[in-house]
Amino acid sequence: MSKSPPKSRPFDRDLAVVIGINQYQEFPELKTARSDAERLAGILQTNYDYEVKLFIDGQATFANIQNHLKTELATKIESCKSKHQKVRLLFYFAGHGTPPGDDYEGGSLVPQDATRKTDKWLTMNELKKLLTDLNCDHLLIILDCCYAGSFSITRKFEAIQDEEISRERYDNYLKFRAGQVIAAMDAYPFTDNRGIGKNSHHSPFAELLFKALTPDDKAYTQAGIIAGADYNQDGITTATDLSVYLSDNLRQLTNNQQVSRTWCLPSLDRGEFFFQTGEFDPDKLPGAIILNQENNPYRGLKSFEEAHSRFFFGRNQAIKNLEQHLNSTDRSLTVILGISGSGKSSLVRAGLIPKLREHPTQWRILEPMRPGATPFAALARAV
């Protein structure tokens, strides 16, 4: 395992609960869950100095998990809070999951001693309440099991690659509480064979997670796995960076059989969970940019122009559909229709045109024009 750079200590206690179950009493055996949990526990302890409570196979009973979350962990965090200490918690589960049932909303995690009659199941609603009631400052829940999407009782967000971190943004990461969930979806095709290649001992989701958290580990140079999730090379890998990395690579790695999804827990969406994955000194972070009329991302009732493309978010699918339409059709005219104020001009100017400029030999782009009272004259001037 590669040696990590010296870590800053923004939190007084970094805690983790890691669960991995291969051998069940009444459910089919899994092949990688235990090794996934053991590997993650080692990374968190060695690379990030986490205090890890590891439950594997027979240790991961319903009573043991419940007792640890409700008593041992709760007491530890309460003690920290009484001393005004900041606490960060990561919860990871690899094992069987079940779909929502008639008697409860959301799915369930399956402890090692659970029966098929819903006895000793840990419902995701109960898990959410247990973990949020701990009142830690930052919380990250990572689920690698079937029906992990049943945790989506909160809103999903579209993770967008962050720009370079500023001192003000970093301060906000720490100032506000964070509660984020990253889940592997559609994991059931890998129940009997979840590894990558013949020699892997980990699920596809876990393999990418480990690579994101150990970007300098030379063992992960195999084809198809990109190095690290710190896109900005600022030494900080946020939960958002992690979700982008997993989302971008998991589909490719599993031939579109598996995806990952990310959610924020209610009222816990202002902070940001993060890992220090590289050289990082918060005192050397640049200050936030000073807003003026040219770089203000809030346009009000004004449309977005091409110069504002870096501020134009939330229309990715519409931009992609429009670009594919232009590239795949032989029609000489494409018309975009919509009511006034619905964002047609912004979609074209700040969304589509920057995409077309990435292919200068394919497109010659004229300056956008308004037809006005003499549309043909306006078109002639543009040409």
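You'll find the structure just up there.
Let us look at the structure shown here. (Residues numbered from 1 in each chain as written. Predicted model: local features only at pLDDT ≥ 70, side-chain atom pairs only at ≥ 80, totals over all residues. Heavy atoms only, no water.)

All right, on to helix H1 (residues 33-48) then. Along its 16 residues, H1 runs 21 Å from first to last C-alpha, staying within 8% of the 22 Å computed at 1.5 Å per residue. In terms of residue burial, H1 counts as a mostly covered element, since 12 of its 16 residues are buried. Taken from the residues just after H1, Asp 49 is the one with a positive phi, measuring 60°. (Helix = DSSP H or I, 4+ residues; strand = E, 2+ residues; numbered from the N terminus. Expected span 1.5 Å × (residues − 1). Buried < 20%, exposed > 50% of the residue type's maximum accessible area, 1.4 Å probe, protein only.)

The subject of this paragraph is the nonpolar core. A general feature of soluble globular proteins is that nonpolar side chains tend to end up buried together. Membership of the largest hydrophobic core comes to 74 residues, with the highest contact counts inside it found for Leu 90, Phe 91, Tyr 92 and Phe 275. Beyond its immediate stretch of four places on either side in the chain, Phe 275 contacts Leu 44, Tyr 48, Tyr 50, Leu 90, Leu 140, Leu 213, Gly 235, Ile 236, Thr 237 and Leu 242. Listed in part, the 10 residues of the second largest apolar core include Phe 312, Leu 347, Ala 350 and Leu 356. (Core = buried A, V, L, I, M, F, W, Y, C linked by side-chain atoms within 4.5 Å. Contact = heavy atoms within 4.5 Å.)

Strand order in the open sheet made by the 3 strands is E4-E5-E6, with antiparallel pairing throughout. Single-partner strands in this sheet number two, and they are strand E4 (97-98) and strand E6 (122-123). With 2 bridges connecting them, E4 and strand E5 (residues 108-109) associate as antiparallel partners. Looking across to E5, one finds that Thr 98 is bridged to Ser 108. (Pairing = 2+ DSSP bridges.)

Strand pairing in a sheet relies on backbone hydrogen bonds, with the paired strands running either antiparallel or parallel. Reading across from one edge, E2-E1-E3-E7-E8-E10 is the order of the 6 strands in this open sheet, with mixed pairing throughout. Taken across any chain shown, the strands that pair with only one partner, and hence form the sheet edges, are strand E2 (51-56) and strand E10 (259-269). Direction aside, the axes of adjacent strands within the sheet are offset by 10° on average. Bridge analysis of strand E8 (residues 178-185) against E10 gives 7 bridges, and the strand direction is antiparallel. Bridge pairing links Ala 178 to Asp 269 in E10. Here helix H2 (residues 62-82) sits on the sheet and contacts strand E1 (13-20), E2 and strand E3 (87-95); the angle it forms with E1, its principal contact strand, is near 175°. Helix H6 (residues 239-253) contacts strand E7 (138-145), E8 and E10 of the sheet and is inclined by roughly 160° relative to E10. (Axes fitted to C-alpha atoms, helices over the stretch in contact; angles between N-to-C directions.)

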